[in-house]
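What follows is the residue order along each chain.
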Amino acid sequence: MPGPAGMTRGEPPAAEGFGHLGPRAGPQSPTPDSLGPQSPTPDSLGPQSPTPDSLGPQSPTPDSLGAIARLCSSCLPDPPDEEELSGILYAPDRPAVLQGDPQVGIVATGIDQDRGFVKLLCVDPAHQGKGYGHLLLEAAETVLRKGGASSVTVGADAPYFLYPGVETTQTSMLCLLERHHYKRVDVNYNMAVDLRAIPPDPGGAEPADPGELGEISSWMEQHWSFWKSEVLRALSKRTLMVTRDRHGLSGFCAYNVNRKGTVGPVAVRPELIGKSVGTRVLLGALHRMRRDGYLSAEVLWVGPVVPYARVGAQVSRVFFVYRADLG
Ligand SMILES: CC(C)(COP(=O)(O)OP(=O)(O)OC[C@H]1O[C@@H](n2cnc3c(N)ncnc32)[C@H](O)[C@@H]1OP(=O)(O)O)[C@@H](O)C(=O)NCCC(=O)NCCS
């Protein structure tokens, strides 16, 4: 269940296409020339290094999605597919800025007011250990600083996020960030639930209809504004379950918002907290996922453990949130 986040727009795309991180030989860094889209020359393999500026901010193009998805498959334990990447990097209200080359490594950034985020940073295993990780992180910091960000956080970039931080199993990423003096400021975690073993559906939760957009939008604005974008995305995908009482909407549970097989955010009208409405709407969503063929679900960025433990969920993945000042 993602935590509070502002809802301002991200950085607009700055240019077409990707920069190209040229090949690098030996322990030296690549040169600005070697970053162009040209073939490498012996000179470009020399002992000079690229600067973050030479990577420039570019926007992803739909053509690059396949290449980014392949890169993610090569270096992430749970790679997003093209559709998921599209929703996270190309959201019209929060387009990411991409730097790098999907054949080598990329970094995707976004800005929310003065808070900068690294949404995704990864280097193809064939190119790891050559300095690209350092380079891409510095390129991200440069573009965020230029965009007015005063800090950079890695992951935890709601509403359209891939990870609620850096997974604690990603040792190389943890080391990269600590080498750059990022501070661990928070810990987030996901909980996994076996959908074959959930309690019976208590009933009462129904899928929301896109025709209810106006009502749901203003209810979210009134009660849980920081989750509005995710909930409206779920509504448009028809993956939003809601409960109602005589006062109107009483609770919601969104699923498959940014990634398939995931749950959250979930919330009830504030005065109903602790009165089982949340469990009702959560179970309604879990049963619907089971009917759709999912065997398990991952509740994202969990707040309180208890409501999810009650339906059989267990803490499954832990993420450190790293942040640095860009002052
Ligand atoms: C983290 C990652 C980007 C590093 O890319 P890279 O090009 O290999 O990195 P570099 O060669 O520039 O090395 C940068 C630093 O990363 C760390 N690092 C890289 N490989 C490492 C390894 N095998 N073990 C421990 N630390 C490692 C080191 O701190 C290194 O700097 P140092 O050697 O000066 O200490 C890459 O391993 C990767 O793509 N991992 C998966 C990324 C991920 O989890 N992304 C999701 C969250 S955004």
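See the structure above.
Attention in this report is confined to the structure presented alongside it. This is a predicted model, so every value here is computed, not measured. (Residues numbered from 1 in each chain as written. Predicted model: local features only at pLDDT ≥ 70, side-chain atom pairs only at ≥ 80, totals over all residues.)

**Side note on the nonpolar core**
- Counting residues in each nonpolar core, the largest one holds 46 residues, and the members touching the most others are V107, L121, L136, A140 and V166.
- The greatest single-element share of this core, amounting to eight residues, is contributed by helix α4 (residues 132-146).
- Excluding residues that lie within four positions of it along the chain, L136 makes contacts with Q99, G100, G105, V107 and L121.
- Within the second largest apolar cluster, 40 residues are counted, among which are W227, M241, C253 and V263. (Core = buried A, V, L, I, M, F, W, Y, C linked by C-beta atoms within 7 Å. Buried ≥ 20, exposed ≤ 12 C-beta atoms within 10 Å, placed from the backbone. Helix = DSSP H or I, 4+ residues; strand = E, 2+ residues; numbered from the N terminus. Contact = placed C-beta atoms within 7 Å.)

**So, the site of the ligand**
- In the neighbourhood of the ligand, 26 residues make up the surrounding shell, with Q128, G133, S172, C175 and L176 lying closest.
- Put simply, the parts of the chain that give the shell around the ligand at least two residues each are β3 (115-123), α4 and α5 (171-179).
- Of the residues forming the shell around the ligand, the biggest block, six residues, is contributed by α5. (Near = placed C-beta within 6 Å.)

**Some words on the packing of helix α2 (residues 65-75) against helix α3 (residues 82-89)**
- Remark: α2 packs on α3, axes separated minimally by 9 Å, with the N-to-C direction vectors making an angle of 110 degrees. Our classification of the angle between α2 and α3 gives roughly perpendicular. Mapping the contact onto sequence places L65, G66, I68 and A69 in α2 and E82, L85 and S86 in α3. (Axes fitted to C-alpha atoms, helices over the stretch in contact; angles between N-to-C directions. Parallel < 35°, antiparallel > 145°, perpendicular 65-115°, else oblique.)

**Description of unusual backbone geometry**
- Cis geometry marks the peptide bond from A158 to P159, where omega comes out at 15 degrees.
- In this structure, P159 sits in the loop between β4 (151-154) and β5 (166-167).
- Note that the residue after G264, namely P265, is joined by a cis bond; omega there is 0 degrees.
- Within the secondary structure, P265 sits in strand β10 (residues 262-268).
- In this structure, W301 is a non-glycine residue whose phi angle is positive, near 50 degrees.
- Within the element layout of this structure, W301 appears in the loop between β11 (296-299) and α9 (306-309).
- For W301, a count of 22 C-beta atoms within 10 Å puts it in the buried group.

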